[in-house]
Amino acid sequence: MDLAGKKIVLGMTGGIACYKVAELTRSLTRAGATVHVVMTRSATQFITPVTMQALSGHPVFSDQWDARIDNNMAHIDLTRGADAIVIAPCSADFMSKLAHGGCDDLLSTLCVARPMTVPLLVAPAMNVEMWQNPATQRNVAQLREDGIAILGPDAGEQACGETGMGRMLEPEQLLEEVIASFQRKLLAGKRVLVTAGPTFEPIDPVRGITNLSSGKMGYAIARAAREAGADVCLVSGPTALQTPYGVHRISVQTAQQMHDVVMSQAAGQDVFIAVAAVADWRVANASEQKLKKNGAGDVPRLEFEQNPDILAAVAQLPARPYCVGFAAESENLLQYGEEKRQKKGIPLLVGNIGHQTFGKDENELVLFDDRGHQRLPRAGKQVLARRLVAEIAGRI
Ligand code: CTP
């Protein structure tokens, strides 16, 4: 569990997005965190403390004069031992208070009273005009300068009927951001390019050849690299997966398209991680029209031609990034893995143990580099992706 053992103070201020924070509370506790909810008086107009208590499993505080804590110092007790304070939704008014150090209710007081080692993350939620107001923007800049993380906001349709910047991030995106805040920034300032998923090679406008890659490992690596502070571009074949928050995704279908996009993005990248299961061949005589059946025994004859090897092409660039390849072998992994690394001319190759990894949530890896090989034991793909990112960071 990504947040096992973490104590999070979840502050809620007035805004319609409070209803989404009910879901966030569930996700945080499911990820292993202990969540203590603190609400401003306005927040209690949007959702009741009863709901938040039931979801968090802990008493909810909203009044600095609450006598339930023995020493009557909720602002001190709640912040000591906290691993993070997350304000969601964070209103324009509350950002103004934070920017100026105001302390006129329990939530603002505990933010000011927190030890500076406790990270403060705020998820703004407000109408587009309120967000764009120069006073709000001044406050946002001040909060950033004070080392407070601003999560979002997003642009889109708003509860008031207007459209624009100011929507709170979705609960799953906030969860990703909270988890990311606890990861070491091993790739801060680095640019990372990742390929993921299968490719789709058309036979005609409605048919094609693909493979069973789900994209899970590549997406997990893109997310882990972003969590580690990198600027991440993900070039993805067709998958059903959500783009990790903060990752720039470019969608492609064919191996040739993936090649062209990767080559256009390769300049200035520090790391290239080729996780995609790229089709080695494409149909040379693909039809522009849908192929029709012309009676029994009439079957189409497909001819194939070779696709470009994307990893090898990047590895041959004069100013090449640090290149990482993947290989799935059904047998002789230790021998084939090292051979493949040398053939592709890359410093690091990651072997999947067993070839039944497609679509699964767990994996087991072997890393090959010029010093030999090293196992990363079986674990969830996200956990393995973080370990792999740490290994890469240690090598560049
Ligand atoms: N790769 C690529 N472009 C291709 C084919 C593969 O970038 N046209 C990358 C994959 O993303 C992966 C690695 O190369 O990182 C896999 O190499 P490959 O030689 O294709 O290995 P296998 O698919 O395991 O193929 P085989 O064992 O058949 O050689």
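Details of the structure are given in the entry above.
Residues numbered from 1 in each chain as written. Predicted model: local features only at pLDDT ≥ 70, side-chain atom pairs only at ≥ 80, totals over all residues. Heavy atoms only, no water.

Engineer: So what's going on with the side chain of T195? Residues and values would help.
Structural biologist: Topologically, T195 is positioned in strand β8 (residues 191-196). Its relative accessible area of 3% is what places T195 among the buried residues. (Helix = DSSP H or I, 4+ residues; strand = E, 2+ residues; numbered from the N terminus. Buried < 20%, exposed > 50% of the residue type's maximum accessible area, 1.4 Å probe, protein only.)

Engineer: Explain the pattern of salt bridges to me, using residue names and the numbers behind them.
Structural biologist: Note on pairing: side chains with opposite charge can pair once their charged atoms come close. Overall, the coordinates contain 19 salt bridges when judged by the stated rule. The residue R378 makes a salt bridge to E362 at a minimum N-O spacing of 3.7 Å. Here E362 lies in strand β18 (residues 362-369) and R378 lies in strand β19 (residues 372-380), a separation of 16 residues in the sequence. With its nearest N and O atoms 2.9 Å apart, the salt bridge here joins R395 to D369. Pair noted here: R395 is in helix α14 (residues 381-395) and D369 is in strand β18, with a separation of 26 residues, a long-range link. (Salt bridge = Lys/Arg side-chain N within 4 Å of Asp/Glu carboxyl O.)

Engineer: Please set out the site of the ligand residue by residue, giving values where relevant.
Structural biologist: A274, A276, P308, F326 and K340 are the nearest of the 13 residues found near the ligand. A distance of 2.6 Å is found between an oxygen atom of the ligand and a side-chain nitrogen or oxygen belonging to K340. If the ligand stood free it would expose 570 Å²; the protein chains cover 75% of that surface. Considering each element in turn, the shell around the ligand owes the most residues, three residues, to strand β16 (residues 322-329). Split into classes, the residues belonging to the shell around the ligand amount to eight nonpolar, one polar and four charged. (Near = heavy atom within 4 Å. Polar contact = N/O pair within 3.5 Å; in protein donor to acceptor, adjacent residues only side chain to side chain. Areas by Shrake-Rupley, 256 points an atom, 1.4 Å probe, with all protein chains shown as cover. Nonpolar A, V, L, I, M, F, W, Y, C, P; charged D, E, K, R; others polar.)

Engineer: Tell me what's going on with the packing of helix α10 (residues 216-227) against α14, and back it up with residues and numbers.
Structural biologist: Contact pair α10 / α14: the axes reach a minimum separation of 8 Å and the direction vectors enclose 55°. Classified by the interaxial angle, the pair formed by α10 and α14 is oblique. α10 and α14 meet at a crossing whose hand is right-handed. Contacts between α10 and α14 pair K216, M217, A220, I221, R223, A224, A225 and E227 from the former with K381, Q382, L384, A385, R386, L388 and V389 from the latter. When the residues that make up the contact of α10 with α14 are grouped by side-chain class, the tally is nine nonpolar, one polar and five charged. (Axes fitted to C-alpha atoms, helices over the stretch in contact; angles between N-to-C directions. Parallel < 35°, antiparallel > 145°, perpendicular 65-115°, else oblique. Left-handed = near helix turned anticlockwise from the far one by under 90°. Contact = heavy atoms within 4.5 Å.)

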